[in-house]
Amino acid sequence: LVKGAAALGVSGATLQALGRSNILLAQPAENKVRWVSPRGTIDVLDDYAYHVAIKMGYFGDIETTLEPGPIEATAGTKAVDTGQADVAYPSPGVYSLMIEQGSPLISVFEMCAYDVFDFAFRKGEALASVKDLEGKTISLGSAGWQGIVDPIIAQAGGDQTTIEYVDAGPQWGQSLAQGQVDSALSWAGLRAQWAAIGLDFDYILGKDWSKFPANSYVIRRSDFEDPAMADIYSRYFRAWAQGLEFGYYNPVGATQITFEAQPALNDVFEDKQIAVESLGQLADVFRGDWDARGGWGWHNEDDWNLFLKTTFEIGQLSKELTAADVLSNDWVEAFNDFDHDAVKADAEAYELSGDFASLSPPEGTGVASE
């Protein structure tokens, strides 16, 4: 448990590196794209599409980096706003906090087709609904995550002002296991990762009831409005889309590629079948109801309008906004303009090795469905 918790934590060196004043400014115009993770670590399976795209050459000649940002909620979006990164990956709640501050950002690639956020409970203590969290204590990894949870509680018909939040840092899951709180915020992929380190919980799953969108990729609005930037961002997110499609058809292969890119995952997942299940949870929310989507990266404007209306009603946004104010689907066609049959062939032909050769794909993925 301790070993796994350490793997999920934030190192002092990481925080110091992101805090240095001599970080090179991001330069998308120079065929370079830098994005910063919001989780405090990149030793997770969440970014498997990126690692697949690197491995399979889908990024082409784009120079790209993936770096661990501080676990503080708005760190990634602030890095984009100030030019220290090109792409951030906020939840809608965190994104709304930056919108409220006047940050000139825009969402261009919807990563999660279902609401990725869940609530964890000790075994046998799960509540019947999210509304029943009224008056309870919820642990968070960052105080800023309140901006994620408040709208979710309100969406369920609950009074978010009655919630007591506990900022437990990287140990927020452990605080639930130790009985210090009633619930903990979680998400798809993290559920299996927590189970792998001995944090065995019951859950209310966001994908089962919530109509909210979840995390998306945001960039500077000035970049979006610059025609010269459209080409590199289209190629960059097209590579992400190809990585997502590869992961749908071969989740075990995507897991193996991610482990090879991030060896520290071996310290988190001693049972690699659990790692495959974790990636499967992510692949499920990333793909969503595919027949109802407009392709990888497509935003559901109805879901976003509901979220924005809710955040305005609870005072998290002081101005009533619509989806058109905060996102764009203009580049979605370009993101999906690739040879889908070739990516499927890549996935099906990918050779598994070592422990991964004996693992089974999770239900609902392309390989398991055919």
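In this report, we go over the structure that sits alongside the text. (Residues numbered from 1 in each chain as written. Predicted model: local features only at pLDDT ≥ 70, side-chain atom pairs only at ≥ 80, totals over all residues. Heavy atoms only, no water.)

### Some thoughts on the environment of Tyr350
In this structure, Tyr350 sits in the loop between helix H17 (340–349) and helix H18 (366–369). A residue is classified by how much of its surface remains accessible, and Tyr350, at 16% relative accessible area, is buried. Along the primary structure Tyr350 and Ile197 are separated by 153 residues, whereas in three dimensions their C-alpha atoms are 29 Å apart. What Tyr350 contacts, discounting residues up to four positions off in sequence, is Lys55, Met56, Phe246, Asn250, Gly253, Gln256, Ile257 and Glu260. (Helix = DSSP H or I, 4+ residues; strand = E, 2+ residues; numbered from the N terminus. Buried < 20%, exposed > 50% of the residue type's maximum accessible area, 1.4 Å probe, protein only. Contact = heavy atoms within 4.5 Å.)

### Some details on the side chain of Thr137
Along the chain, Thr137 turns up in strand E5 (residues 137–140). With residues near it in sequence (within four places) discarded, Thr137 still touches Glu164, Gln180, Val181, Asp182 and Ser183.

### So, the pattern of salt bridges
Tallying each qualifying case throughout the model produces 14 salt bridges. Its salt-bridge partner being Glu125, residue Arg122 comes within 3.2 Å of it at the nearest N-O pair. Judged by its relative accessible area of 18%, Arg122 falls in the buried class. Residue class for Glu125 comes out partly exposed when judged on its relative accessible area of 41%. A salt bridge links Asp223 to Arg220; the shortest N-O distance between them is 3.1 Å. Exposure class is identical for Asp223 and Arg220. Each is buried. Shared partners join several salt bridges into a network, and the residues in it are Asp61, Asp231 and Arg235. (Salt bridge = Lys/Arg side-chain N within 4 Å of Asp/Glu carboxyl O.)

### Quick word on the layout of surface pockets
Of the volumes computed, that of the largest pocket is approximately 320 Å³. Ala113, Tyr114, Lys211, Asn300 and Asp303 are the residues nearest the centre of the largest pocket, which is lined by 19 residues in total. Residue composition of the lining of the largest pocket, by class: nine nonpolar, two polar and eight charged. (1 Å grid on protein atoms, 1.4 Å probe; cavity = no way out; pocket = protein on both sides within 12 Å on 5 of 7 lines; lining within 4 Å. Points joined across faces, edges and corners; volume = space filled by probe spheres on them. Nonpolar A, V, L, I, M, F, W, Y, C, P; charged D, E, K, R; others polar.)

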